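Chain and residue survey
In case you want the letters, here they are:
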Amino acid sequence: EWIPTMSGCPKSAALALSLAAAGLLGCGDRDSSGPSNAPEIVVGDSSLLRNLYPGDAGLAADPRVLFHSDFESGFKGWGWHTAGSDRIAVDSVSNAAHAGRGFLRARVTRAHLAAEQYVSSQIQFEFPKSVNTVYWRFHAKYVGNTATPHHWVRMAAGTPDFQSDGLANTVPAGDKGFWFDLDARSGDIFAFYVYWYKMRSGRCNDGSTIPGCAGDQKTTYYYGNNFVPANQYAFPRDKWFCLEINAAANTVGQSDGALTLWLDDTLVGEYKPGTPKGRWLRDNFFTWGDYYRPDQGFEGFDFRSSSSVQFKKVVLDAYYQENTISDSAPQTQEILYDDVVVATSRIGCRHDGN
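Residues numbered from 1 in each chain as written. Predicted model: local features only at pLDDT ≥ 70, side-chain atom pairs only at ≥ 80, totals over all residues. Heavy atoms only, no water.

Some details on the packing of aromatic side chains
In this description, an aromatic ring pair is defined by two values, namely the gap between the centres and the angle between the planes. Considering all chains together, one arrives at 38 aromatic pairs under this definition. With a centroid separation of 4.9 Å and 20° between ring planes, the pair formed by W179 and Y195 is classed as stacked. Here Y195 lies in strand β8 (residues 189-195) and W179 lies in strand β7 (residues 177-185), a separation of 16 residues in the sequence. Like W179, the residue Y195 is buried in the burial classification. Look at F285 and F298: their rings are 5.1 Å apart centre to centre, the planes differ by 65°, and that puts the pair in the edge-to-face class. With F285 in strand β14 (residues 284-286) and F298 in the loop between β15 (296-297) and β16 (310-321), the pair connects residues that are 13 residues apart, well separated along the chain. A relative accessible area of 2% places F285 in the buried class. With relative accessibility at 1%, the residue F298 sits in the buried group. (Phe/Tyr/Trp six-rings, centres within 6.5 Å; stacked < 30°, edge-to-face > 60°. Helix = DSSP H or I, 4+ residues; strand = E, 2+ residues; numbered from the N terminus. Buried < 20%, exposed > 50% of the residue type's maximum accessible area, 1.4 Å probe, protein only.)

As structure tokens, this is what we get:
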């Protein structure tokens, strides 16, 4: 077990209260006199881990943190990744990283796509322990006019033996697993693309697959259900931005699962029981646009039918298909990543106290 743990009570009162509130501190009263080794609290929301650890210094030792990688030590801590440094590599270039010197670079070129119809440049991390609620923060940069990938980053949940996340046109078993991608879409906005055992088909208006139904598309398919938050602004190009995702598995037998996204610490979208208002049409839950009607509050996610299904893996990816690259896209699609954290509490974007 490589995760460092905190022994005894932290001498920072704010940190102790934060850990106690999360149910992760079981120590009693003790003498808190003398110098403290805990980080100072930065002005702001003290519930954010980044405010306890400016510059992420010491963050990896917090018991709520499952993983931290700033790529200063290469691929250390990560699991499987795409072979070939022309597709994925850790670089160390002065002033190019989000912080420090190390960062991850994923590339997919037109030459790659000429040789293979589907190209993925990815890196994975499997959690040391599965959890029911997870926060995942990373900083990213789209270089130049890089095309948005066909699919981007993924979070997977499952039983210990479930390894089928990412299978297209597949309804996973509720007692085996589920997964979702966070995708970048046209206009440089974001969407959740979700597979779970109660997902809707794109065949009928009501998400069913009955021939002759209203809106019958004449063929049954189960690609990921789409959730595109309303009122988004385009993310920047050639500039680091920060994303944080929160995913909460449902209580078995209830639809209380949730997905939430922040961009640069600003809420982008939240899908939970009652929120947002919108309308299901086939495999899309519309909250804006031509097909939007405020018919209902979102019912929440019934992601799983067994409590053995828990969050277990994250994937940074740049997945392209040859026929999805526009003529205006450059020869090389390049996405950079840095300062990745997976935790069981809200993290917040990295800052260095400046």
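Digging into the side chain of D183
Structurally, D183 can be placed in strand β7. Within the buried core, D183 has no salt-bridge partner, and the shortest N-O distance to an opposite charge, that of R185, equals 4.3 Å. A distance of 2.9 Å separates a polar atom in the side chain of D183 from a polar atom in the side chain of H151. Not counting the four nearest positions on each side in its chain, D183 is found in contact with H150, H151, W152, I189, F190, A191 and Y193. (Lys, Arg positive; Asp, Glu negative; His and termini not counted. Salt bridge = Lys/Arg side-chain N within 4 Å of Asp/Glu carboxyl O. Polar contact = N/O pair within 3.5 Å; in protein donor to acceptor, adjacent residues only side chain to side chain. Contact = heavy atoms within 4.5 Å.)

Observations concerning the pairing of strand β3 (residues 102-109)
Among the eight residues in β3, seven count as buried, and that is most of the element. Relative to β3, strand β2 (residues 88-92) runs antiparallel, the two being bridged by five bridges. Among the inter-strand pairings, V90 is bridged to a residue of β3, identified as L104. Direction of pairing for β3 relative to strand β17 (residues 332-343): antiparallel, over a ladder of six bridges. Note that in β17 the partner of T109 across the bridge is T332. (Pairing = 2+ DSSP bridges.)

A look at unusual backbone geometry
Residue T275 is joined to P276 through a cis peptide bond whose omega torsion reads 0°. Note on placement: P276 falls in the loop between β12 (266-271) and β13 (277-281). Of note in this structure, F71 is not a glycine but carries a positive phi near 65°. Take F71: it is sitting in the loop between β1 (65-69) and β2. Overall, the relative accessible area of 2% leaves F71 in the buried class. A positive phi angle, near 75°, is found at K218, a position not held by glycine. Relative to the elements of secondary structure, K218 occurs in the loop between β8 and β9 (225-227).

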